[in-house]
Amino acid sequence: MASDSIAINPADVATRSVSERLHDWVVTVDHKKLGIMYIVYALIFLVIGGIEATVMRIQLMRPHNDFVSPQVFNRMFTMHGTTMIFFVVIPVMFGFANYLVPLMIGARDMAFPRLNAFSFWLTAFGGLLLYFSFVGGSGLYGAGNAPDMGWWAYAPLTARAFSPGHSADYWTLALLVSGFGSVGTAINIIATVICMRCPGMTLSRMPLFAWLNLVMAFMVILAICPLTAAQVMLCVDRYLGGHFFDTQAGGSAVLWMHFFWIFGHPEVYVLVIPAFAFLSEIIPVFSRKPIFGYPVMVAATVCIGFVSLSVWAHHMFTVGMNSYANSFFAITTFAVGVPTGIKIFNWLGTMWGGRIQFKVPMLFCIGFLFQFLIAGLTGIMLGTAPFNWQLSGSYFVVAHFHYVIVGGILFALFGAFYYWYPKITGRMFNETLGKLHFWLFVIGFHLTFDLMHIPGLLGMPRRIYTYEPGRGWDTLNFLVTIGAFVQGVAILVFVANLIISCFQGAQAGNDPWDAWTLEWSTSSPPPAYNFAQIPVVESRRPLWDIKHPEDPDWKYE
Amino acid sequence: MSKAAGIAVLLAGFLLATRLCFGTPAASSQTPNIFKPESTPADWIFHLSLFVLAITGLIFLLVFSLIVYAIVKYRKRDGGEHSEPPQVYGSNQVELAWTVIPVLIVLILFLATARVIHSVQDAPQPPQSVQVTAIGHQFWWEFRYPTLGIVTANELHVPVSDPSHPTPTFLTLLSADTDHSFWVPSLAGKTDLIPNHPNKMWIDPRETGVYLGQCAQYCGVEHAKMLLRVYVDSQEQFEQWAKEQEAEASSDSSAEAGRRVFESTGCINCHAVRGTVADGRFGPDLTHLMSRDTIAAGIAPNTPEYLRKWIQDPDSIKEGSLMPAMKLNDDDLDALIAYLGTLR
Amino acid sequence: MSSATFTDSPIESRGTLPSRGRVGMLSLIAAESAIFTIFVVAYLFYIGKSLSGPTPSDVLTIPVFGTLCLLSSSLTIHLAVRTLRNAKILSFGFWWFLTLMLGTIFLIGTGREWHRMIFDEGLTVSTNLFGTTYYSLVGLHAFHVTVGLIVIAIVMTLTVLGKVGSKYSERLEVFSLYWHFVDVVWVVVFTVVYVIGR
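What counts and how
Residues numbered from 1 in each chain as written. Chains lettered and ligands numbered in written order. Predicted model: local features only at pLDDT ≥ 70, side-chain atom pairs only at ≥ 80, totals over all residues. Buried ≥ 20, exposed ≤ 12 C-beta atoms within 10 Å, placed from the backbone. Helix = DSSP H or I, 4+ residues; strand = E, 2+ residues; numbered from the N terminus. Pairing = 2+ DSSP bridges. Domains from an automatic or database assignment. Contact = placed C-beta atoms within 7 Å. Nonpolar A, V, L, I, M, F, W, Y, C, P; charged D, E, K, R; others polar. Expected span 1.5 Å × (residues − 1). Axes fitted to C-alpha atoms, helices over the stretch in contact; angles between N-to-C directions. pLDDT = per-residue confidence, 0-100. Parallel < 35°, antiparallel > 145°, perpendicular 65-115°, else oblique. Left-handed = near helix turned anticlockwise from the far one by under 90°.

Student: How should I be thinking about the pairing of strand E9 (residues 209-215) of chain B in this particular structure?
Tutor: Regular strands show a simple pattern: their side chains alternate between the two faces of the sheet. All names here are of chain B. The buried fraction of E9 amounts to five of the seven residues, a majority that puts the element mostly inside the structure. Sheet analysis places strand E6 (residues 180-183) next to E9, joined by two bridges and oriented antiparallel. Counted as the bridge partner of Phe182 is Cys215 from E9. Note: E9 against strand E10 (residues 227-233), six bridges, orientation antiparallel. The partner of Gln214 across the bridge, within E10, is Leu227.

Student: Teacher, can you tell me more about the domain arrangement of chain B here?
Tutor: By a frequent convention, interface size equals the accessible area lost on bringing the separate parts together. Residue and element names in this part refer to chain B. Assigned domains within chain B: domain 1 (28-71 + 92-237) and domain 2 (253-340). For domain 1 versus domain 2, the separation of C-alpha centres amounts to 33 Å. In this assembly, 17 residues from domain 1 lie in contact with 13 residues from domain 2. Grouping the amino acids of the side of domain 1 that touches domain 2 by side-chain chemistry returns nine nonpolar, three polar and five charged.

Student: Please explain helix H11 (residues 323-351) of chain A as it appears in this structure.
Tutor: Because the α-helix completes a turn every 3.6 residues, residues three or four places apart line up on one side. With 29 residues, H11(A) ought to run about 42 Å at 1.5 Å a step, and its terminal C-alpha atoms sit 43 Å apart, in line with that. When you tally the buried positions in H11(A), you get 23 out of 29 residues, the bulk of the element.

Student: Would you take a moment to explain the interface of chain C and chain A for this structure?
Tutor: Facing the 34 residues of chain C at the interface are 37 residues of chain A. Of all the secondary structure elements, the ones that give two or more residues to the side of chain C that touches chain A are helix H1 (20-45) and helix H5 (129-160) of chain C. The greatest single-element share of the side of chain C that touches chain A, amounting to 13 residues, is contributed by H1(C).

Student: Just checking my understanding: could you explain the arrangement of the chains for this structure?
Tutor: Where the two pairs of chains in contact are concerned, the greatest contact count is recorded for chains A and B. In this view chain B stays clear of chain C, with the nearest C-alpha atoms of the two still 12 Å from each other.

Student: I keep staring at the sheet that holds strand E5 (residues 169-175) of chain B and nothing clicks. Help me out?
Tutor: Residue and element names in this part refer to chain B. In spatial order, the strands read E3-E2-E1-E5-E8; together these five strands make up an open sheet with mixed pairing. Either end of the sheet is taken by a strand with one partner, and the two such strands are strand E3 (150-153) and strand E8 (199-203). Taken pair by pair, the neighbouring strands of this sheet meet at an average axis angle of 25 degrees, ignoring direction. Where strand E1 (residues 130-137) lies against E5, seven bridges are found, and the strand directions are parallel. The residue bridging Gly136 from the neighbouring strand is Ser175, located in E5.

Student: Teacher, can you tell me more about the interface of chain A and chain B here?
Tutor: Opposite the 85 residues of chain A that make contact, chain B presents 84 residues. For the side of chain A that touches chain B, the secondary-structure elements that each account for two or more residues are helix H5 (70-104), helix H9 (253-287), helix H10 (294-307), H11, helix H12 (360-383), helix H13 (385-391), helix H15 (431-451) and helix H16 (453-457) of chain A. With 15 residues, H11(A) is the largest single contributor of residues to the side of chain A that touches chain B.

Student: How should I be thinking about the confidence of the model for chain A in this particular structure?
Tutor: Taken over all residues, the pLDDT of chain A has a mean of 94, while the share at 70 or more is 96%. Predicted confidence in chain A is weakest over helix H1 (residues 2-6) of chain A, with a mean pLDDT of 46, and strongest over helix H14 (residues 395-425) of chain A, with 98.

Student: Explanation requested: the environment of A:Val311 in the structure shown.
Tutor: Residues and elements named next belong to chain A. Locating Val311 in the fold gives a position in the loop between H10 and H11. Counting along the chain gives 21 residues from Val311 to Thr332, while the straight-line C-alpha distance between them is 5.5 Å. Dropping the residues within four chain positions of it, Val311 is found in contact with His265, Phe329, Thr332, Thr333 and Val336.

Student: Please explain the packing of H11(A) against helix H3 (residues 92-121) of chain B as it appears in this structure.
Tutor: How two helices pack is summed up by the angle between their axes together with the distance between the axes. Two elements in contact, H11(A) and H3(B), have axes whose closest approach is 9 Å; the angle formed by their N-to-C orientations is 155 degrees. For the element pair H11(A) / H3(B), the angle class is roughly antiparallel. Like other packed secondary-structure pairs, H11(A) and H3(B) cross with a definite hand, here right-handed. Residue composition of the contact of H11(A) with H3(B), by class: 16 nonpolar, nine polar and no charged.

Student: Help me understand the packing of helix H3 (residues 64-85) of chain C against helix H4 (residues 89-120) of chain C in this model?
Tutor: Residue and element names in this part refer to chain C. Look at H3 against H4: their axes get within 8 Å of each other, and the N-to-C directions meet at 160 degrees. Viewed along their axes, H3 and H4 adopt a mutual orientation that is roughly antiparallel. Here H3 runs over H4; the crossing is left-handed. Taking contact as the criterion, the partners of Phe65, Gly66, Cys69, Leu70, Ser72, Ser73, Thr76, Ile77, Leu79, Ala80, Thr83 and Leu84 in H3 are, on H4, Ser91, Phe92, Trp95, Trp96, Leu98, Thr99, Leu102, Gly103, Ile105, Phe106, Gly109 and Thr110. A per-class count over the contact of H3 with H4 returns 14 nonpolar, 10 polar and no charged.

Structural data, given as structure tokens:
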């Protein structure tokens, strides 16, 4: 009968074997599946990176500790940094972008689905190559041959003369490979946002999430490519006898620093702008008001994108640039704080006059606001070049950027996980476990990273595997380590919640949060084709217009 | 779950932090502290930092209070109406206000910052300053005083500087291998030692004493154990020290056996003892080894016991350092230690 | 119900959104430009800083003929795509083949120059800073030319097999953006290496 060939027989679906389902995931080009794969991949590496951090913190619990050798410790901080930046935050942000951007703009998939899959697998392979270094190669010291030059790999430490094994090679090649994947995804996001919006969705009616991911994608292209170039140069030095960074031949170690930080600084904005995107979607919904100052938010983000390309040498205030260069980078660093502050004020303005619901996603966003404020202010302190001459290379900097990445970005990420979990899985998470996760993590985070500022002020440099007693650093380091364990427990609660709720959570329905963007108009989880009919929109909050036909948004903006 | 609890934790942490920084005892040498400056560059940085802390502190208090107010006042009350609050889309005046004010703050901060940058970096070098060339090695510091003819290692001696007749010390910073950074928080901000990229810094310590610091740029496996000791001496003490350092090694015939061990087992390939055949430049100059309090870049005290350990098994003190284990027999080692003991 | 300050804007039809291929290729070009910029910066920074060995003016000869060929290939590829849009397959095949030839001549010229510099003048990538930066920059460009030529060769083969029609003109136009980019990069590299750096 004709209908047999078209109808999906539920019995067939239920009896598909594990290998068939696995095959589905491996060959998929569906943005939703790829998004989930990116996110799961990142979560696994989050745990691994956390273990690396824990190893370091145990070693630093007391002075002259011998939990691990210096060689192992140096590999730990290199791998921890490299993993967290390249194989946790970038993939997870790409995962959310992949999943949500097409849904939010009313499209059926990304612009280039096959490029999407290819980019994911490149990134995944890069991570595996990096971790293969623990077991492969001809290691000279402990812990195999994992990279041990720091995640910023300064020259000439990375030259063959000073890194004779393969640790620098694993770092370079793994990041080159995953870098191509990142650029591929960035190109995809740009093409998707520009070319695939549904009818009626002008750029000024796009959700801020789409706007901010567009800016992020441009920055990926402008940031990762300089790193790619510098890494190719490093390969030329190491394998072909080149002299790009060979100080004995007249080469410049500072040139590597410039190239690296031309990547490194915009990179942190690549990490944080998607976090801003999460906040810009979650805070309005739980304040029950539209985002305050949408055009200003867009302008501020674009401004951040441009200005952040000009601040890179604030990582190099101590290398001996002249006073004019130092002054230039100080003022650009201060300047980039202005649009960033504007965004904080706009989120505050969104909450102001609202009816705030303290659901778990909102708790994390509020945590972000407090913590990112502090992080930004310690950033201003670090931008003050002379103050930087004391603080740079110390635990103050470590505390600052962990405040940004953990207190800011990771909190926003947790918020995003809880907010879109119902959409992705179709189930509600456990609210109690979510709140437990939040409070445990707040306590652990502050114990660790508030206190961590102080050893820096007392002269403790970073990247040291041990320290002398009696400098006032001992107790502080001990407490910092305790906080790390508390955070670890919180993460376990989080992962448990994610898994348990998958099986036991209540059915979520299309729109559990009474939200306003297009992803909430389709089922949870969405069907493969996203929307039965491509939507037509008339304002920034299409679902608000549907729910409030007497007072639609397009009357006001 | 009380929001107040979270806020209290934050405030407590903040207060604890300030107390720990400003409340530490005045023993400046044993606890490096950027808020206890003892030299002009560190002073200027300290005062600038107070200014920046004040501004950022005010911003923090203001925004923090506004966020707390918003959370408390605009929370959804139970049993309240289920209608949506007034939908406000933005306000140009408000946006303008919170753009203009931060821009002004940025300008003020920048002016204050640029002034200190210029003062420190473009400070003229007075003729009576002491000149030192610091060369960073994996994992020790070489100090040369070109005008005084001195070569030493790891422990830097400088004269105290009287503000009325300043005798600052100007350091030229070089590196023999990877990147390092000279950081003694009480005396100045840090400046990097980068190969093929000479840098300059200066200090003018006001108080005699020993100031601690360490390498602050990751330079390899034993970066953590590349410590710094700056001895600020009175003028007389410094001149005395300089005279002793400039002299060649004292020839003490009682240690002939040890000297022969030193000269025949490869020590001279790396180390120099001026006045003898030893002129290696790869390792620290040992001409006046006994004038130093520590060995291995501050990691171990300079005692015969630790010297033995360092020579026989350096990895037990500083794993991965470039000092090879010399594998001497006991007699040779005893003689060698006796010889080194004569290098005052 | 007043409409306040906002009036309905007409609903955009899908047709007014730019094409994905074009946006994608332009983004790729932006990415590649960033990579080339870093190599150019390194080249400019190291001009005159070699400690030893042959200098640019010792060994460089200006590749006039190769440059003319490469730049002309931009014109021929443009003509090729235009004739394809008008479904003139034979014309297309002619111009496309010319593009392939001109690009190949450029590559051969580069290869011959390198052979001379390596074996006659003794300049390799490890000789000095000039050698490192020169071979890296020109080599990176030549690599991009090679990739382009491979694609052109594949399309040439498909054309000869009769599989290329006017419906592919959009795609080949997008590819031609890449080829134009490669030419613009050569103008920059040429200026930096043979004009400024000599």
